[in-house]
Amino acid sequence: MEDKAKLKQELLDKIGELKTATDVNFGSPITDVNLEKETIKEIGGLTEKLEGQNPHLFPLRYAVDFLDGIWHLQYSTSREIRSLSKLKYGLKVGSVYQVIDLKTQSFFNQAFVKHRLGLISGYVLITATFESAKENSSPLPDKRLNIDFKKRYLAIDKIAGVTTPKLNPFKIVPARNPKGRVPVFDITYLDETLRIGRGGDGGIYILSKSDNTKLPTVISEQLPVI
């Protein structure tokens, strides 16, 4: 059995090796869109091995407090994140955060977007609530969350370096939940600093705990209560 700490570092190092200088500067996650098949397979293999070393097999029972706080996306194969990696007109996705509040059983996903030449910057933000799913008729929670997406915010915060409060946000619309099913998210690995999860479509999310304490303050000042 491989050492968990070694596997964890190997996975993070591999993701780090794939980031360009621009990715590092912008805080961008890596996706599998432009990766070689062997590289995708290697990351997938390391991810599965680490999931097999999950220190909390029932994270929603015994490690739920670790979920609370700010998470920074490092790698994903999900459809939503893949689509952000294909932005045009010089735009590039920057940091993608998930901020979880256990007290209100809610979270928001925020993807920052910047122009490579600094002409414009903004973000896409989606709010949601969640609850523990009871799997296989079990009376206790396990690893699955049922998600209810609420609203989607589109915002431009700067144009040519000038703040644009009237455009922050410029559009608020209901977020779409899939028809006929409840969106789910499985937590397949969780410790104090790293989280791995899989969406309902099987997409992988690898996130590291962030100390960006300014993020929720800025957002809470901008957004109305859902």
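Definitions and limits used
Residues numbered from 1 in each chain as written. Predicted model: local features only at pLDDT ≥ 70, side-chain atom pairs only at ≥ 80, totals over all residues. Heavy atoms only, no water. Core = buried A, V, L, I, M, F, W, Y, C linked by side-chain atoms within 4.5 Å. Buried < 20%, exposed > 50% of the residue type's maximum accessible area, 1.4 Å probe, protein only. Contact = heavy atoms within 4.5 Å. Patch = residues over 30% accessible without salt bridge, like charges linked within 9 Å, V, L, I, M, F, W, Y side chains within 5 Å. Areas by Shrake-Rupley, 256 points an atom, 1.4 Å probe, with all protein chains shown as cover. Salt bridge = Lys/Arg side-chain N within 4 Å of Asp/Glu carboxyl O. Helix = DSSP H or I, 4+ residues; strand = E, 2+ residues; numbered from the N terminus. Axes fitted to C-alpha atoms, helices over the stretch in contact; angles between N-to-C directions. Parallel < 35°, antiparallel > 145°, perpendicular 65-115°, else oblique. Left-handed = near helix turned anticlockwise from the far one by under 90°. Nonpolar A, V, L, I, M, F, W, Y, C, P; charged D, E, K, R; others polar. Phe/Tyr/Trp six-rings, centres within 6.5 Å; stacked < 30°, edge-to-face > 60°.

(A) Structural context of the nonpolar core. Core analysis: the biggest nonpolar cluster contains 21 residues, and I147 and I187 have the highest contact counts within it. The contact partners of I147, leaving out residues within four places of it in the chain, are F107, A128, T129, F130, N177, V182, P183 and F185. In this structure, L11, I30, L194 and I204 belong to the second largest nonpolar core, which totals 13 residues.

(B) Geometry of a nonpolar patch on the surface. Nonpolar side chains collect at one region of the surface, where L57, F58 and Y62 lie side by side and expose about 350 Å² of accessible area between them. With respect to the element layout, L57 can be found in the loop between α3 (37–51) and α4 (59–62). For L57, a relative accessible area of 56% puts it in the exposed group.

(C) Representation of the packing of helix α1 (residues 4–18) against α3 in the model. Remark: α1 packs on α3, axes separated minimally by 9 Å, with the N-to-C direction vectors making an angle of 155°. Viewed along their axes, α1 and α3 adopt a mutual orientation that is roughly antiparallel. Of the two elements, α1 crosses α3, and the hand of that crossing is left-handed. Counted together, K4, L7, K8, E10, L11, K14 and L18 of α1 and T39, E42, I43, L46, T47, K49 and L50 of α3 form the full contact between these two elements. For the contact of α1 with α3, the per-class residue count stands at six nonpolar, two polar and six charged.

(D) Inspection of the packing of aromatic side chains at higher detail. All told, the structure shown has five aromatic pairs when counted by the stated rule. Aromatic pair F107 and F130: ring centres 6.2 Å apart, planes at 35°, arrangement tilted. Of this pair, F107 sits in strand β4 (residues 106–115) while F130 sits in strand β5 (residues 120–132), placing them 23 residues apart in sequence. Residue class for F107 comes out buried when judged on its relative accessible area of 8%. Of the residues examined, F130 reaches a relative accessible area of 11% and is grouped as buried.

(E) Region of interest: the pattern of salt bridges. All chains considered together, the criterion is met by eight salt bridges. The partner of E17 in a salt bridge is K14, with the nearest N and O atoms 3.9 Å apart. Here the residue E17 and the residue K14 both occupy positions in helix α1, the gap between them amounting to three residues, near one helical turn. Assessed through its relative accessible area of 58%, E17 is described here as exposed. When the shortest N-O distance is used, the salt bridge between E51 and R198 registers 3.0 Å. Linking E51 in helix α3 with R198 in strand β10 (residues 194–199), this pair joins segments that are 147 residues apart in sequence. When its relative accessible area of 14% is taken as the criterion, E51 is described as buried. Each of K14, E17 and E42 takes part in salt bridges that share partners, so that together they form one network.

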